[in-house]
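# Chain and residue survey
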Amino acid sequence: MIRGFCVFQGQEVIPAVKDMKDFERILKRNEEFFVVLEVHISQLARMRKLAKEVNKRMILHADLIQGLRSDRYAAEFLCQTIKPAGIISTRSDMLRIAKKNHIMAIQRLFLLDTLALHTSFQLARTVEPDVIELLPGIIPSYIHKVQEETGIDVIAGGLIETEDDVRKALKGGAQAVTTSRRDLWNM
């Protein structure tokens, strides 16, 4: 069985919200999973409550939450107080604490150069995240390479601008695509 299919229930496009207007749109949609990017820490508890009321599963990008440091205390706060379905981060402590609290740990990996790629592989071997989010997500050959090297399911994000980009990422092996482009949420 495909691991990613179980994780995201077959949802191939995961909306990423940057503000409360996008969040309100998500509450009215059918998708189960969504990613929260650039919101203020004071909004998280209310967002979690509203999402839970309509059976939505919130994934928080911990490194982008305004007013939150990406340290051990922030990780504990998110896991024990907000209790999202998942946490995305580039930081090992954040991911380890998420895993310890039975919250999906998603390692964000940037394709900058070969050194960054190998450093990210080492982090993945050490932390063993549940999923890797690869950025930019428009390089299908690297989606497959990262999945093959780590044995961890990959989602693609960043610079996904067209339906063709989404299809190529999925064909390249991504279990899903994260995007803040509302026009792609309907795929």
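Look a little higher up for the structure.
A few words on a nonpolar patch on the surface. Taken together, the side chains of Ile138, Ile139 and Leu159 present a nonpolar region at the surface, about 240 Å² in accessible area. For Leu159, the position within the fold is in the loop between β7 (153-157) and α8 (163-171).

With that out of the way, let us pick up the sheet that holds strand β4 (residues 86-89). Read once around its circumference, the closed barrel built from 8 strands follows the order β1-β2-β3-β4-β5-β6-β7-β8, with strand pairing classed as parallel. With direction set aside, neighbouring strand axes in the sheet form an average angle of 25°. Bridge analysis of strand β3 (residues 57-61) against β4 gives 3 bridges, and the strand direction is parallel. Bridge pairing links Ile59 to Gly86 in β4. Sitting on the sheet, helix α6 (residues 114-127) touches β5 (104-110) and β6 (131-135), and the angle it makes with β5 is about 165°.

With an omega dihedral of -10°, the bond running from Leu135 to Pro136 counts as a cis peptide bond. Along the polypeptide, Pro136 turns up in the loop between β6 and α7 (140-150). One non-glycine residue, Asn55, lies in positive phi territory at about 60°. Inspection of the secondary structure assignment puts Asn55 in the loop between α3 (44-53) and β3. Judged by relative accessible area, Asn55 falls into the exposed class, the value being 64%. With a phi angle near 65°, Leu159 is a residue other than glycine that sits in the positive phi range.

Thresholds applied
Residues numbered from 1 in each chain as written. Predicted model: local features only at pLDDT ≥ 70, side-chain atom pairs only at ≥ 80, totals over all residues. Heavy atoms only, no water. Patch = residues over 30% accessible without salt bridge, like charges linked within 9 Å, V, L, I, M, F, W, Y side chains within 5 Å. Areas by Shrake-Rupley, 256 points an atom, 1.4 Å probe, with all protein chains shown as cover. Salt bridge = Lys/Arg side-chain N within 4 Å of Asp/Glu carboxyl O. Helix = DSSP H or I, 4+ residues; strand = E, 2+ residues; numbered from the N terminus. Pairing = 2+ DSSP bridges. Axes fitted to C-alpha atoms, helices over the stretch in contact; angles between N-to-C directions. Contact = heavy atoms within 4.5 Å. Buried < 20%, exposed > 50% of the residue type's maximum accessible area, 1.4 Å probe, protein only.

These values are about where atoms sit, not about what they do.
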